[in-house]
Amino acid sequence: MTNQVQNAHKIKRESKKRIRVEFDRTPLLERLRSKYLSLYFLKRLVWHVFRFLLLLGVCYVILFPFYSKIASSFMSPEDFVDVTVRLIPKYPTLDIYKAIIMENGYLSALLNTFILAGSCALLQTFVCCLVGYGFAKFKFKFNKLLFLLVIFTMIVPHSTLQLSMFMEFRYFDILGILNLLGGGVVDWLRLLENPSLNLINTYWPLWILSATALAFKNGLYIFMMRQFFKGVPDELEESAYVDGAGVFRTFIQIILPLSIPMMITVFMFAFSWQWTDNFYTDLFYTTSGPTLMPDIVAIPTSLNITTAAANMYNTAITNTCGILILLPLILLYVFAQKYIIQGIERSGITG
């Protein structure tokens, strides 16, 4: 039977070689005619042309708004008045960028937002990693119920918790400890006139929410980490336990190095969300606070014009503010895209 199969393959190879030799001996015109004037070639040609036009149309729909906003950011007020100017500025200038950077405090907002977003993203990444590992690898009572509540946090709109969160951090008191000391079971223990802390207009509310895995989108991050850790073989942990490592040491020395791509993905998600967030910043920075990225979206006083194109020019200024806000995220994504793709593939949230 084996000899018959080998002979069949040998005959097939010889047939292909003979057909190829005969095809090479035919005249060039006949070869071109048989190759390019066939129904198979026409079908492939039509399919490739259709796919090219489809991708070209999709790219146009997606990229045209970005190109129009970038082009308008380099236009001068005269370009908005000139009806012949469409997408290419006739008098290009950097006045919009200079005014936003100098007058709207862009550099200060860049530093403040980087500190806030980076610190919150680091806290959320580590805490969600720890919580996700606990849900994935440990069996305890009400495990599924608690994880269901984590998923439930992804459904409840945070605007419904706006007032309660504000009052909690306006009169912050962990487990009533400050009230006990200041409100006074015994008068001589009265240490504070107001038995609460006002954390509004500080970074502390966002840091506390991030450190306790209660910040916005943390339910999604916990779900991603849990799905990733469920795919980690249990033999790795068992071998570490046999060698005398404890749970926390196993988590730090073995599990965390394996989950670096997933952690980078979660960090990028958390960082990007905090970078452009205006819900929590408007909630916790009511009267004063650091200048953050959403605060730079304003019309600089030096660019106020009263011409007929004032509305279009102001729209271009607002779009330029958005470009400057997104630029650091784009640069960060360029360097971390490989890890983001790996993390999303291993998270179990793709089909």
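It should be noted that the structure appears before, not after, this text.
Residues numbered from 1 in each chain as written. Predicted model: local features only at pLDDT ≥ 70, side-chain atom pairs only at ≥ 80, totals over all residues. Heavy atoms only, no water.

Draft legend 1. Structural context of the packing of helix α7 (residues 143-152) against helix α11 (residues 218-230). Put simply, α7 and α11 touch, their axes get as near as 8 Å, and they point 130 degrees apart. Considered as vectors, α7 and α11 are oriented oblique to each other. Note on packing geometry: the crossing formed by α7 with α11 is left-handed. Contacts between α7 and α11 pair F147, V150 and I151 from the former with G219, I222, F223 and R226 from the latter. (Axes fitted to C-alpha atoms, helices over the stretch in contact; angles between N-to-C directions. Helix = DSSP H or I, 4+ residues; strand = E, 2+ residues; numbered from the N terminus. Parallel < 35°, antiparallel > 145°, perpendicular 65-115°, else oblique. Left-handed = near helix turned anticlockwise from the far one by under 90°. Contact = heavy atoms within 4.5 Å.)

Draft legend 2. Structural context of the pattern of salt bridges. What the rule picks out here adds up to 3 salt bridges. Of the charged contacts in the structure, one is a salt bridge between D234 and K137, with a shortest N-O distance of 2.7 Å. Highlighted residues: D234 in helix α12 (residues 234-242) and K137 in helix α6 (residues 106-137), separated in sequence by 97 residues. The class for D234 is partly exposed, based on a relative accessible area of 40%. On the basis of relative accessibility, which here comes to 18%, the residue K137 falls in the buried class. Through salt bridges with shared partners, a single network forms among K137, D234 and E237. (Salt bridge = Lys/Arg side-chain N within 4 Å of Asp/Glu carboxyl O. Buried < 20%, exposed > 50% of the residue type's maximum accessible area, 1.4 Å probe, protein only.)

Draft legend 3. Representation of unusual backbone geometry in the model. Of note, N201 is a non-glycine position whose phi angle comes to about 70 degrees, a positive value. Within the secondary structure layout, N201 lies in the loop between α9 (177-184) and α10 (204-211). A relative accessible area of 21% places N201 in the partly exposed class. Although it is not a glycine, K217 sits at a positive phi angle of roughly 75 degrees. Positionally, K217 belongs in the loop between α10 and α11.

Draft legend 4. View of the side chain of T320. Residue placement: T320 occurs in helix α16 (residues 310-347). For T320, a relative accessible area of 0% puts it in the buried group. Not counting residues within four places of it along the chain, the set of residues in contact with T320 comprises S73, I96, Y97 and I100.

Draft legend 5. Quick look at the environment of D234. Put simply, D234 and K137 are 97 residues apart on the chain and 8.2 Å apart in space, counted from C-alpha to C-alpha. Side-chain polar atoms of D234 contact the side chain of K137, separated by 2.7 Å. (Polar contact = N/O pair within 3.5 Å; in protein donor to acceptor, adjacent residues only side chain to side chain.)

Draft legend 6. Region of interest: empty space enclosed by the protein. Scanning the model with the defined rule gives 1 cavity of 30 Å³ or more in all. Each pocket or cavity is described by its volume, and for the largest cavity that value is around 80 Å³. Q124, L206, L209, S210, A215, F216, Y221, A270, W273, Q274 and Y280 together form the lining of the largest cavity. For the lining of the largest cavity, the secondary structure elements donating two or more residues are α10 and α14 (260-275). (1 Å grid on protein atoms, 1.4 Å probe; cavity = no way out; pocket = protein on both sides within 12 Å on 5 of 7 lines; lining within 4 Å. Points joined across faces, edges and corners; volume = space filled by probe spheres on them.)

Draft legend 7. Geometry of the layout of surface pockets. The calculated volume of the largest pocket comes to roughly 370 Å³. Taken together, 20 residues form the lining of the largest pocket, with T153, H158, A213, L214 and A215 sitting closest to its centre. Broken down by secondary-structure element, the contributors of at least two residues to the lining of the largest pocket are α8 (162-170) and α11. A breakdown of the residues in the lining of the largest pocket according to their chemical character gives 13 nonpolar, 6 polar and 1 charged. Approximately 320 Å³ is the volume attributed to the second largest pocket. What lines the second largest pocket is a set of 16 residues, among which M75, F80, V85, R86 and M312 lie closest to the centre. Taken together, the elements giving at least two residues each to the lining of the second largest pocket come down to α3 (39-73), α4 (77-81) and α16. (Nonpolar A, V, L, I, M, F, W, Y, C, P; charged D, E, K, R; others polar.)

Draft legend 8. Spatial organisation of the packing of aromatic side chains. Scanning all chains against the criterion turns up 22 aromatic pairs. Ring geometry for F169 versus F172: centroids 5.8 Å apart, planes at 5 degrees, classification stacked. For the pair F169 and F172, one class covers both residues: buried. Ring geometry for Y203 and W207: centres 5.4 Å apart, planes at 65 degrees, overall edge-to-face. Stacked on the ring of F147, the Lys or Arg R226 has its end atom at 4.1 Å from the ring centre. (Phe/Tyr/Trp six-rings, centres within 6.5 Å; stacked < 30°, edge-to-face > 60°. Lys NZ or Arg CZ within 6 Å of the ring centre and 35° of its normal.)

Draft legend 9. View of helix α13 (residues 247-258). The end-to-end C-alpha distance of α13 is 16 Å, a good match for the 16 Å that 12 residues give at a rise of 1.5 Å each. Those residues of α13 that are buried lie in contact with α6, α11, α12 and α14. (Expected span 1.5 Å × (residues − 1).)

Draft legend 10. Representation of the side chain of Q124 within the structure. Looking at the element boundaries, Q124 is found in helix α6. Classification of Q124 by relative accessible area gives buried; the value is 4%. Within the structure, Q124 has its side chain in polar contact with the side chain of N218 (distance 2.8 Å). Ignoring any residue separated from it by four or fewer positions in sequence, one finds Q124 in contact with C129, S210, A215, F216, N218, Y221 and A270.

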